Amino acid sequence: MSEICPICGLPKEICVCEKAAREEQKIVIYTIVGRFKKKISAISGIDQKRVDVKQLLKKFKQKLGCGGTIKNNELWLQGKHKEKLKELLMEEGFKKEQIEIK
Ligand SMILES: [Zn+2]
């Protein structure tokens, strides 16, 4: 007996929900000017119900060596890291075409 996907009801071997979830999302990376004019790189558009954003944030903080938090459903990282964040998102399985840098 194969496992059934709770979202689409199809057996797990032919279900593409999880894959689709990552590929469907339109992700935008932009800069926020925070308090004391500090720059913050924000990532919006990641579906927190389907992607473990806390884990992502932790990884990004380690790789960039900066502080960060989750705010208003977005990942906020201190400093200017837009290009680097795009690379890191791609390493996590997101597609180049779905990531927009503003
Ligand atoms: Zn499914």
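First, a word on what this report is: a plain description of the structure on this page. (Residues numbered from 1 in each chain as written. Predicted model: local features only at pLDDT ≥ 70, side-chain atom pairs only at ≥ 80, totals over all residues.)

**Things to note about the overall build of the protein**
Each helix and strand in the protein was counted, giving three helices and five strands. Helices and strands appear in the protein in the N-to-C order α-β-β-α-β-β-α-β. If you line up the protein on its principal axes, its C-alpha atoms span 60 × 25 × 20 Å. With 102 residues in all, the protein has 17% of them scored as buried. Long-range contacts, defined here as pairs at least 24 residues apart, represent 44% of the contacts in the protein between residues at least 6 apart. (Helix = DSSP H or I, 4+ residues; strand = E, 2+ residues; numbered from the N terminus. Buried ≥ 20, exposed ≤ 12 C-beta atoms within 10 Å, placed from the backbone. Contact = placed C-beta atoms within 7 Å.)

**Examining the nonpolar core**
Soluble globular proteins tend to bury their nonpolar side chains together. Counting residues in each nonpolar core, the largest one holds 14 residues, and the members touching the most others are Ile27, Ile43, Leu75 and Leu85. Of all the elements in the fold, those that place two or more residues in this core are β1 (27-33), β2 (39-44), α2 (53-64), β4 (74-78) and α3 (82-91). Looking at this core, the element that brings in the most residues is β2, giving three residues. When neighbours within four sequence positions are excluded, isoleucine 43 is seen to be in contact with Ile27, Ile29, Glu74, Leu75 and Leu85. (Core = buried A, V, L, I, M, F, W, Y, C linked by C-beta atoms within 7 Å.)

**So, α2**
Counted at 1.5 Å a residue, the expected span for α2 with its twelve residues is 16 Å, and the 16 Å between its end C-alpha atoms agrees. Positive backbone phi, at 65 degrees, marks glycine 65, one or two positions downstream of α2. (Expected span 1.5 Å × (residues − 1).)

**Quick look at the sheet that holds β1**
Within the open sheet, the five strands sit side by side as β3-β4-β2-β1-β5. Their pairing is mixed. In the strand order of this sheet, the two ends are held by β3 (68-71) and β5 (99-101), each with one partner. On average, each strand axis in the sheet is inclined to that of its neighbour by 25 degrees, with strand direction left out of account. Of the pairings in the sheet, the one linking β2 to β4 comprises four bridges and is antiparallel in character. Within the sheet, the bridge partner assigned to serine 41 lies in β4 and is leucine 77. Seen against the sheet, α2 touches β3 and β4 and runs at an angle of roughly 15 degrees to β4. (Pairing = 2+ DSSP bridges. Axes fitted to C-alpha atoms, helices over the stretch in contact; angles between N-to-C directions.)

**Some points on the pairing of β1**
Pairing geometry for β1 and β5, over three bridges, is parallel. Bridge assignment links isoleucine 29 to a residue of β5, and that residue is isoleucine 101. Pairing analysis gives six bridges linking β1 to β2, with the strands arranged antiparallel. Bridged to valine 28 within β2 is serine 44. Counting the residues in the hairpin turn of β1 and β2 gives five residues, including phenylalanine 36, whose phi is positive at 60 degrees.

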